[in-house]
Amino acid sequence: MSATDEGTALLLRVAAAIAPGVPVEPGHGAAPIHRDEDLLATMLAQGSPARRWRLWTNTRCLVTTRSRARDPRFATAQAQAAALGWPVHVRGSGGSTVVHHAGVLNLSLLTVAPGPPPALDAVFAALVDPILAGLARLGLPCTTGPVPGSYCNGRFNICAAGRKIAGTACSVRPRATRHATLAHAALTVSGNPAADCAIVTRFDSQFDPACTYDAASHTSVAQMLRDGMATEKMVSPAGFEPATY
Amino acid sequence: MNDLVVPAGMWDESDTAVLSTWLYRDGEAVVAGAVVAEIMVSKSSFDLAARVSGVLRIAVAEESEVRPGQVVGTVA
């Protein structure tokens, strides 16, 4: 089995542990990023309460914020990143620049419910708690909290031994009689977190020369396994049926 | 006239909130229910919608810090 196949098998195993039965949608470029917003708009228009997970992957790219995209330096930074093989796309949520690639599992939780929206902590908890539970089922103990030195740092990072393994963000849409929320996590399952950190640092440095992200602040599920951090033996990828990919 | 107010109780008051985007220009007509601005806080975006139809008046520039209860504009 190639490294890519092993990475895919591990990603599917993690996805199945967190959201059993939810397929993982492979995507390409900007389209999968915007699909969450389109789905949420459709759910809001339909009006009835609803809750759904969407799991997806993307091809290699950087994803940055609208605020960055309005910066006059953006076009140059975007062109330089693209020349290095990292096309840049823009998302609606806050934070700073992140990476997408085949080893990053994106988990989106879309909800429409009556009444005013809950506080942000509750929106994040609804997303993060099932992810923590799923990782725990795989023997991977994780917590939430800020990780100094990490890129796109936030209070609701998912962390393993003090290193960031997933970033989170959300969007809240209050309406007259109901609300919609979109909560999203980008979980690094495999790949090279140090290389990811390097390209984000290179991109963000063009806007903030003082930005210094620390590669040691990031990790991945695969790295946790290599470091022997799993408390239980992971199911062999060969024993996993990737029927949903 | 209807004030556009930054919601209270939605996030930890120690978090910095920023009015990131006006989706309409000052003086532009908006309809009730239209999302007119986005607030960013704790890596989250929060829609601010007009409660009535009318003309938008902007009181706070994009990228400004805002606090819960603050009036950032009006629709009249």
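The structure this text deals with has already been given above.
Residues numbered from 1 in each chain as written. Chains lettered and ligands numbered in written order. Predicted model: local features only at pLDDT ≥ 70, side-chain atom pairs only at ≥ 80, totals over all residues. Heavy atoms only, no water.

With respect to the sheet that holds strand E3 (residues 29-30) of chain B
Residues and elements named next belong to chain B.
1) Next: One open sheet holds the four strands; their spatial order is E1-E8-E6-E3, and the pairing between them is antiparallel. Only two strands of the sheet have a single partner each, and these edge strands are strand E1 (2-5) and E3.
2) Next: Pairing between E3 and strand E6 (residues 54-58): two bridges, direction antiparallel. Opposite Ala-29, over in E6, you have Val-55 as the bridge partner. (Pairing = 2+ DSSP bridges. Helix = DSSP H or I, 4+ residues; strand = E, 2+ residues; numbered from the N terminus.)

Quick word on the pattern of salt bridges
1) Next: The tally for this structure, following the rule as stated, stands at 14 salt bridges over all chains.
2) Next: The partner of Glu-38 of chain B in a salt bridge is Arg-66 of chain A, with the nearest N and O atoms 2.7 Å apart. With Glu-38 of chain B in strand E4 (residues 35-41) and Arg-66 of chain A in helix H3 (residues 66-70), this pair bridges two chains.
3) Next: Exposure remark for Arg-66 of chain A: the relative accessible area of 34% places this residue in the partly exposed category.
4) Next: Through salt bridges that share partners, Glu-25, Arg-35, Asp-36 and Arg-54 of chain A make up one connected network. (Salt bridge = Lys/Arg side-chain N within 4 Å of Asp/Glu carboxyl O. Buried < 20%, exposed > 50% of the residue type's maximum accessible area, 1.4 Å probe, protein only.)

What to know about the nonpolar core
Residues and elements named next belong to chain A.
1) Next: The biggest cluster of nonpolar side chains holds 59 residues, and the ones touching the most others in it are Val-14, Leu-105 and Leu-187.
2) Next: Those residues in contact with Leu-105 that sit more than four places away from it in its chain are Leu-11, Val-14, Ala-15, Val-24, Leu-55, Trp-56, Ala-185, Ala-186, Leu-187 and Val-189.
3) Next: In this structure, Trp-56, Cys-61, Leu-62 and Val-63 belong to the second largest nonpolar core, which totals 19 residues. (Core = buried A, V, L, I, M, F, W, Y, C linked by side-chain atoms within 4.5 Å. Contact = heavy atoms within 4.5 Å.)

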